[in-house]
Amino acid sequence: MKKLVVLSGAGVSAESGISTFRDSGGLWEQYRIEEVATPEAWEANFEMVLEFYNMRRKNVLEVKPNQAHIDIAELENTFDVHVITQNIDDLHERAGSSKVLHLHGEILLAKSSNPATLHQEEEYYPINEGVIKKGETCEKGFQLRPHVVWFGEPVPNLPIAEEIVSTADILLVIGTSLNVYPAANLLYYTKPQCEIYLIDPNQVNVSHDLNVKVIQEKATSGMKTFKNFIQ
Ligand SMILES: NC(=O)c1ccc[n+]([C@@H]2O[C@H](COP(=O)([O-])OP(=O)(O)OC[C@H]3O[C@@H](n4cnc5c(N)ncnc54)[C@H](O)[C@@H]3O)[C@@H](O)[C@H]2O)c1
């Protein structure tokens with residue numbers, strides 16, 4: 001079976017009703033990134049950060065996977081599919097994808113904010129009723145925080161992602177502006193024979209060194225075009 005690796009970003013969940021990051025109308029225009037998605041923000045005002053992610057979690061729990069997530073899951077009938085996602089939602093899993101690696105964490109889980117264990121932390125906590133409350137702590141008394149990789153924090157799953165991409169026969173990049181590093185660099189880990197496809201309704205800058213077939217469409221219609229190319 002050929003190995004098909006999907007590298008997804010916020011755009012794959014846009015048609016489910018989750019705002020993307022940098023698109024006009026995107027969630028982040030209403031907030032300054034450094035106010036909500038950095039360790040400094042947590043230090044300065046952890047209650048505001050908790051509130052922001054509690055709202056986003058509510059949104060994730062209200063929406064459903066769209067046809068693009070479903071089509072990606074169904075590719076497992078024909079390919080050895082590995083999804084590497086920058087998304088913190090669980091829509092790939094809910095659509096039925098069985099191998100999903102989250103590069104930037106999972107919003108439905110909490111972890112301790114203990115600085116000593118933060119980056120080796122392997123223990124995640126379920127979140128009751130979708131809300132992390134002020135005063136909810138780990139066993140050592142540190143406030144729980146969302147299991148999300150913030151700007152400036154290490155990406156622990158990156159070496160695993162690099163390994164997965166390096167053995168792909170086909171790489172599908174979908175719904176990512178490729179503005180966030182180190183995820184954007186993953187394209188360069190492909191072997192020379194790997195076919196690379198990119199689905200995005202907007203123009204995404206990729207190096208001409210890579211032979212990328214661009215499908216300039218939204219995720220749901222782009223997946224139909226993509227399936228015609230590969231099947
Ligand atoms: N759903 C989520 O979990 C979510 C949502 C917003 C942001 N984020 C985080 O923000 C960071 C963003 O980087 P990114 O590259 O994923 O997102 P991004 O917002 O930087 O880029 C989104 C891309 O999706 C494209 N897009 C918009 N609508 C689309 C559609 N219907 N179909 C396909 N593509 C569409 C845009 O043109 C853009 O290129 C990541 O770290 C991610 O964790 C996650």
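Note that the coordinates shown come from a computational prediction; the quantities given were computed from them, not determined experimentally.

Q: An account of the domain arrangement of the protein is needed here, citing residue identities and associated values.
A: Domain assignment breaks the protein into domain 1 (1-18 + 66-104 + 155-231) and domain 2 (19-62 + 109-148). Of note, the centres of domain 1 and domain 2, computed from C-alpha atoms alone, are 25 Å apart. Counting residues at the interface gives 14 residues for domain 1, matched by 12 residues for domain 2. A buried area of about 930 Å², summed over both sides, lies between domain 1 and domain 2, and 59% of it is on carbon and sulfur atoms. At the boundary of domain 1 with domain 2, the tally comes to 0 salt bridges. Here domain 1 and domain 2 share 2 residue pairs in polar contact (both at pLDDT 80 or more) between them. Classifying every residue of the side of domain 1 that touches domain 2 by side-chain character gives 5 nonpolar, 6 polar and 3 charged.

Q: Describe in detail the site of the ligand, supporting the description with residues and values.
A: In the vicinity of the ligand lie 28 residues, with Phe21, Gln86, His104, Ser177 and Asp200 positioned nearest. One of the backbone nitrogen or oxygen atoms of isoleucine 88 is found 2.8 Å away from an oxygen atom of the ligand. Relative to its unbound accessible surface of 850 Å², the ligand loses 94% to contact with the protein. The residue inventory of the shell around the ligand, partitioned by class, reads 9 nonpolar, 12 polar and 7 charged.

Q: Any chance you could break down the sheet that holds strand β4 (residues 105-112) for me, citing the residues and the numbers?
A: Pairing is antiparallel in the open sheet, where 3 strands are placed in the order β5-β4-β6. Looking at which strands have only one partner, the edges of the open sheet turn out to be β5 (125-126) and β6 (144-148). Both β4 and β5 contribute to a ladder of 2 bridges, which runs antiparallel. Across the sheet, the residue bridging to leucine 109 is proline 126, located in β5.

Q: Hey, could you go over the environment of glutamine 30 for me, with residue numbers and the actual values?
A: Take glutamine 30: it is sitting in the loop between β1 (3-8) and α1 (33-36). Between the C-alpha atoms of glutamine 30 and arginine 94, which are 64 residues apart in sequence, the distance is 28 Å.

Q: I'd like a rundown of the nonpolar core, residues and numbers included.
A: Counting residues in hydrophobic clusters, the biggest one holds 25 residues, and the most contacted among them are Ile84, Leu171 and Leu186. When contributions to this core are tallied by element, the ones reaching two or more residues are β1, α6 (158-166), β7 (170-174) and β8 (195-199). Every residue in contact with leucine 186, bar those within four places of it in the chain, is listed here: Leu7, Ile84, Leu103, Leu158, Ala161, Glu162 and Val165. Trp42, Val49, Val63 and Ile88 belong to the second largest nonpolar core, which has 22 residues in total.

Q: With reference to specific residues and values, describe the environment of glutamate 47.
A: Residue position: glutamate 47 is located in helix α3 (residues 46-62). The class for glutamate 47 is partly exposed, based on a relative accessible area of 43%. It is 10.0 Å that separates the C-alpha atoms of glutamate 47 and arginine 145, two residues lying 98 residues apart in sequence.

Q: Explain the side chain of serine 113 to me, and be specific about the residues and the numbers.
A: Tracing the backbone shows serine 113 in the loop between β4 and β5. Note on serine 113: relative accessible area 15%, which makes it buried. A polar contact of 2.6 Å, which involves the side chain of serine 113, links it to the backbone oxygen of glutamine 143. Apart from the residues lying within four places of it in its own chain, the contact partners of serine 113 are Trp42, Leu118, Phe142, Gln143 and Arg145.

Q: Outline the pattern of salt bridges, listing residues and values.
A: Close approach of charged atoms allows side chains with opposite charge to pair. All told, the structure shown has 7 salt bridges when counted by the stated rule. A salt bridge links glutamate 62 to lysine 58; the shortest N-O distance between them is 3.2 Å. Placement of both glutamate 62 and lysine 58 in helix α3 is noted, with a separation of 4 residues, approximately one turn of the helix. Across the salt bridge formed by lysine 99 and aspartate 80, the nearest N and O atoms sit 2.6 Å from each other. You can see lysine 99 sitting in the loop between α5 (91-95) and β3 (100-102) and its partner aspartate 80 sitting in strand β2 (residues 80-85), a full 19 residues away along the chain. When its relative accessible area of 35% is taken as the criterion, lysine 99 is described as partly exposed. On the basis of relative accessible area, aspartate 80 is assigned to the partly exposed category, the value being 22%.

Calculation rules
- Residues numbered from 1 in each chain as written.
- Predicted model: local features only at pLDDT ≥ 70, side-chain atom pairs only at ≥ 80, totals over all residues.
- Heavy atoms only, no water.
- Domains from an automatic or database assignment.
- Contact = heavy atoms within 4.5 Å.
- Buried area = accessible area lost by both parts, 1.4 Å probe.
- Salt bridge = Lys/Arg side-chain N within 4 Å of Asp/Glu carboxyl O.
- Polar contact = N/O pair within 3.5 Å; in protein donor to acceptor, adjacent residues only side chain to side chain.
- Nonpolar A, V, L, I, M, F, W, Y, C, P; charged D, E, K, R; others polar.
- Near = heavy atom within 4 Å.
- Areas by Shrake-Rupley, 256 points an atom, 1.4 Å probe, with all protein chains shown as cover.
- Pairing = 2+ DSSP bridges.
- Helix = DSSP H or I, 4+ residues; strand = E, 2+ residues; numbered from the N terminus.
- Core = buried A, V, L, I, M, F, W, Y, C linked by side-chain atoms within 4.5 Å.
- Buried < 20%, exposed > 50% of the residue type's maximum accessible area, 1.4 Å probe, protein only.

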